[in-house]
Amino acid sequence: MEIERKFLADPTALDLEMYTKTEMTQGYLFTDPVLRIRQKNDSYILTVKSGGLLAREEYEIDLTREQYERMAGSVQGLFIQKTRYLIPCPPYTIELDLFHGSLEGLVYAEVEFPSVEEAKAFTPPAWFGREVTEDGSFTNAALSKMNEEELAEFLRKLKTP
């Protein structure tokens, strides 16, 4: 079970070079249910996710590079590219995603929890912005289905107070 909250974020006060980072590229074979392939540095993963936003089932299967490349030809929509930083926030870890390409400028933070109760009790750090956990338009699957014009409008709205 994956239980996580997601927030827009402004990490400009952080020294990101202090934290472990991972380069990721991911695409979606299906978005309902979610069937995703991801390249994470030199590893390749197939992920299946059930419906839901705050809590949902998630299963991962390791792939070879060849399997990933074959599946990549069946991806629906855009590939998502991002850099993920792992930031300690004891007893949790913040996964800070800085998006690239068509989503340049989008930054959000996700925090995973062992229970829904802990998720609801979490107090986010001051550099977190608006919570978007329950807004399905912020899922990577939803973003991957947008065309360039829709993505530009989505990002423009984020910058408008």
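Rules and cut-offs
- Residues numbered from 1 in each chain as written.
- Predicted model: local features only at pLDDT ≥ 70, side-chain atom pairs only at ≥ 80, totals over all residues.
- Heavy atoms only, no water.
- Helix = DSSP H or I, 4+ residues; strand = E, 2+ residues; numbered from the N terminus.
- Rg over C-alpha atoms; globule rule 2.2 N^0.38 Å.
- Buried < 20%, exposed > 50% of the residue type's maximum accessible area, 1.4 Å probe, protein only.
- Contact = heavy atoms within 4.5 Å.
- Areas by Shrake-Rupley, 256 points an atom, 1.4 Å probe, with all protein chains shown as cover.
- Lys, Arg positive; Asp, Glu negative; His and termini not counted.
- Charge placed at Lys NZ, Arg CZ, Asp CG, Glu CD.
- Expected span 1.5 Å × (residues − 1).
- Arc of directions from axis to C-beta.
- Polar contact = N/O pair within 3.5 Å; in protein donor to acceptor, adjacent residues only side chain to side chain.
- Core = buried A, V, L, I, M, F, W, Y, C linked by side-chain atoms within 4.5 Å.
- Pairing = 2+ DSSP bridges.

Undergrad: A description of the overall build of the protein chain should follow, citing residues and the corresponding values.
TA: Looking only at helices and strands, one finds four helices and 10 strands in the protein chain. Its C-alpha atoms give the protein chain a radius of gyration of 16 Å, near enough to 15 Å, the size a compact globule of 161 residues would have. Projected onto the principal axes, the alpha-carbon positions of the protein chain cover approximately 45 × 35 × 30 Å. Every one of the 161 residues in the protein chain was classed for burial, and the buried ones make up 43%. Pairs at least 24 residues apart make up 57% of the contacts formed inside the protein chain by residues separated by at least 6 positions. Total accessible area on the protein chain stands at roughly 8900 Å², and carbon and sulfur atoms take up 52% of it. The average position of the 18 basic charges and that of the 28 acidic charges among the side chains of the protein chain differ by 3 Å.

Undergrad: Describe helix H4 (residues 148–159), naming the residues involved and giving the relevant values.
TA: A rise of 1.5 Å per residue sets the reference length of H4, with its 12 residues, at 16 Å; its end C-alpha atoms lie 17 Å apart and thus fit the reference within 8%. Along H4, the residues classified as buried are Leu 151, Phe 154 and Leu 155. All buried residues of H4 project into a common sector of 90 degrees when viewed along the axis, lining one side. Exposed and oriented more than 90 degrees from the buried face of H4 are Glu 149 and Lys 157. Between the side-chain oxygen of the N-cap and the backbone nitrogen of Glu 149 there are 3.0 Å, and the N-cap of H4 in question is Asn 147.

Undergrad: Outline unusual backbone geometry, listing residues and values.
TA: Of note, the bond from Asp 32 into Pro 33 is cis; its omega dihedral lies within 30 degrees of zero at 0 degrees. Looking along the chain, the bond that leaves Pro 90 and enters Pro 91 is cis, with omega of 5 degrees. Inspection of the secondary structure puts Pro 91 in the loop between strand S7 (76–89) and strand S8 (92–99).

Undergrad: I'd love a proper account of the nonpolar core, names of residues and values included.
TA: Of all hydrophobic cores here, the largest spans 19 residues; its most connected members are Ile 94, Leu 96, Phe 122 and Phe 128. Secondary-structure elements contributing two or more residues to this core are strand S1 (2–9), S7, S8 and strand S9 (107–112). Excluding residues within four positions of it along the chain, Phe 128 makes contact with Phe 7, Leu 8, Ile 94, Ala 109, Val 111 and Phe 122. Within the second largest apolar cluster, 16 residues are counted, among which are Ile 80, Leu 143, Met 146 and Leu 151.

Undergrad: Talk me through the environment of Leu 106; I want residue IDs and the actual numbers.
TA: By secondary structure assignment, the location of Leu 106 is in the loop between S8 and S9. Residue class for Leu 106 comes out buried when judged on its relative accessible area of 1%. For the pair Leu 106 and Leu 151, spaced 45 residues apart in sequence, the C-alpha to C-alpha distance is 10 Å. When near neighbours in sequence (up to four residues on either side) are disregarded, Leu 106 contacts Leu 8, Asp 97, Leu 98, Phe 99, Phe 138, Leu 143, Phe 154, Leu 155 and Leu 158.

Undergrad: Run through the pairing of S7, naming residues and quoting values.
TA: In this structure, strand S2 (residues 20–31) lies alongside S7, joined through eight bridges in antiparallel fashion. Counted as the bridge partner of Thr 20 is Leu 86 from S7. Where S7 and S8 come together, eight bridges link them in antiparallel fashion. The residue bridging Pro 88 from the neighbouring strand is Thr 93, located in S8. The hairpin turn running from S7 into S8, its antiparallel successor, is two residues long.

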